[in-house]
Amino acid sequence: MTRLKKEDIDSILDELLRLDASLQQAAGITLEDLVAELSGRTREELEDKAVATIGAAVPVTSGLGVIPGFAEAVASIVSYLGFSIFVTGAADVAGLHEAERKGADWIFLADDDRFLALDRNRNRSAENDRCTAKAYLTILELASGGLSGREVLVLGAGRLGTAAVEQLDRKGAIPVLYDKDPDRCRRFPGHRVLSSPDEIIEYPHIFDATDEPEWLDAAMLHPHVFIAAPGLPLSLTDNAAAELAGRVLHDRLAIGVAGMVAELCR
């Protein structure tokens, strides 16, 4: 999991309304619509689920330590989606105990490596990398009128990129990979791997799972490109991001959390 910084968290909640506007423009949906699409539930069914569900966000201090405001940001996003949720006063195992004692049905928690949501009632979980890939690719699918039979370039062959390839295979799309370390692509036999970043320009549909800032310029991209970019930080240069406004979907947390909520609602 890409580690967020405090400055990322501070601005997430201010971006929710702008994110919904961007989603409407790109794919004709809101975050709540995305949860319905991913979960296979109607809005009415999700409202019933929300009434019957209590969530808890647990701060975690292991590894590099708790990111100030992370649990609060997760709770605010889940609340924005219509679900009741509280942040535990205690952290780590004591926080889990508090969440259980207060009757939480869902528990959200993250360390340096993983971000999970646990469903205590159904003994299942939602993992952020997988849910983020699924959510962004669903938006890309809606924005492009379908991905089946189409090539989609996946930038970055780490855990998030791997989740994207798996989802694209399920959708009947054709994943193509590029990573600056070619050895990381060897785990995908049978898939095309680009040998040079000069080839990126050939692909109008991109899933960007890289975590290196400002290496991707507009001159490297297809003239009609649409980029689903969950990777942190954003790989586009500032000039490219401005030039491609409306054709780059990028947020720090909310789309992935929406995907996790959808997975727990399935």
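The structure displayed is predicted, hence computed values, not measured ones.

(A) Molecular detail of the overall build of the protein. Tallying secondary structure elements over the protein gives ten helices and eleven strands in all. At 18 Å, the protein has a C-alpha radius of gyration in line with the 18 Å of a compact globule built from 266 residues. Burial analysis of the protein (266 residues in total) assigns 51% to the buried set. In the protein, 59% of the contacts between residues at least 6 apart in sequence involve partners at least 24 apart. Taken as two groups, the 27 positive and 43 negative side-chain charges of the protein have centres that lie 5 Å from each other.

(B) Here's a closer look at the packing of helix α7 (residues 128-144) against helix α10 (residues 254-265). At a minimum axis distance of 8 Å, the contact between α7 and α10 shows a crossing angle of 105°. Taken together, the axes of α7 and α10 are roughly perpendicular relative to one another. Here Asn-128, Arg-130, Cys-131, Thr-132, Lys-134, Ala-135, Tyr-136 and Ile-139 of α7 lie close against α10, whose contacting residues are Ile-255, Gly-256, Val-257, Gly-259, Met-260 and Glu-263. Within the contact of α7 with α10, the residues separate by chemical class into seven nonpolar, four polar and three charged.

(C) Representation of the sheet that holds strand β5 (residues 124-127) in the model. Spatial strand order, β2-β1-β3-β4-β5: five strands in an open sheet with mixed pairing. Both outer strands of the open sheet, β2 (84-87) and β5, are each paired with one neighbouring strand and no more. Between one strand axis and the next, the sheet turns through 20° on average, direction left out of account. Summarising the sheet, strand β1 (residues 54-58) and strand β3 (residues 106-110) pair through four bridges and their orientation is parallel. Residue pairing in the sheet places Gly-55 in a bridge with Trp-106 of β3. Each of β1, β2 and β3 is contacted by helix α6 (residues 92-101), which is oriented at about 170° to β1, the strand it contacts most.

(D) Representation of the sheet that holds strand β8 (residues 192-193) in the model. Read across the open sheet, the six strands follow the order β8-β7-β6-β9-β10-β11; overall the sheet is parallel. The open sheet has two edge strands, β8 and β11 (248-249), and neither has a second partner. Judged from the two bridges that link them, strand β10 (residues 226-228) and β11 form a sheet pairing that is parallel. Within the sheet, the bridge partner assigned to Ile-227 lies in β11 and is Val-248.

(E) Structural detail: a negative patch on the surface. Residues Glu-44, Glu-45, Glu-47 and Asp-48 make up a contiguous surface patch of negative charge. With respect to the helices and strands, the residue Glu-45 is situated in helix α4 (residues 43-51). By relative accessible area, Glu-45 is classed as partly exposed at 37%.

What counts, and where the lines are drawn
Residues numbered from 1 in each chain as written. Predicted model: local features only at pLDDT ≥ 70, side-chain atom pairs only at ≥ 80, totals over all residues. Heavy atoms only, no water. Helix = DSSP H or I, 4+ residues; strand = E, 2+ residues; numbered from the N terminus. Rg over C-alpha atoms; globule rule 2.2 N^0.38 Å. Buried < 20%, exposed > 50% of the residue type's maximum accessible area, 1.4 Å probe, protein only. Contact = heavy atoms within 4.5 Å. Lys, Arg positive; Asp, Glu negative; His and termini not counted. Charge placed at Lys NZ, Arg CZ, Asp CG, Glu CD. Axes fitted to C-alpha atoms, helices over the stretch in contact; angles between N-to-C directions. Parallel < 35°, antiparallel > 145°, perpendicular 65-115°, else oblique. Nonpolar A, V, L, I, M, F, W, Y, C, P; charged D, E, K, R; others polar. Pairing = 2+ DSSP bridges. Patch = residues over 30% accessible without salt bridge, like charges linked within 9 Å, V, L, I, M, F, W, Y side chains within 5 Å. Areas by Shrake-Rupley, 256 points an atom, 1.4 Å probe, with all protein chains shown as cover. Salt bridge = Lys/Arg side-chain N within 4 Å of Asp/Glu carboxyl O.

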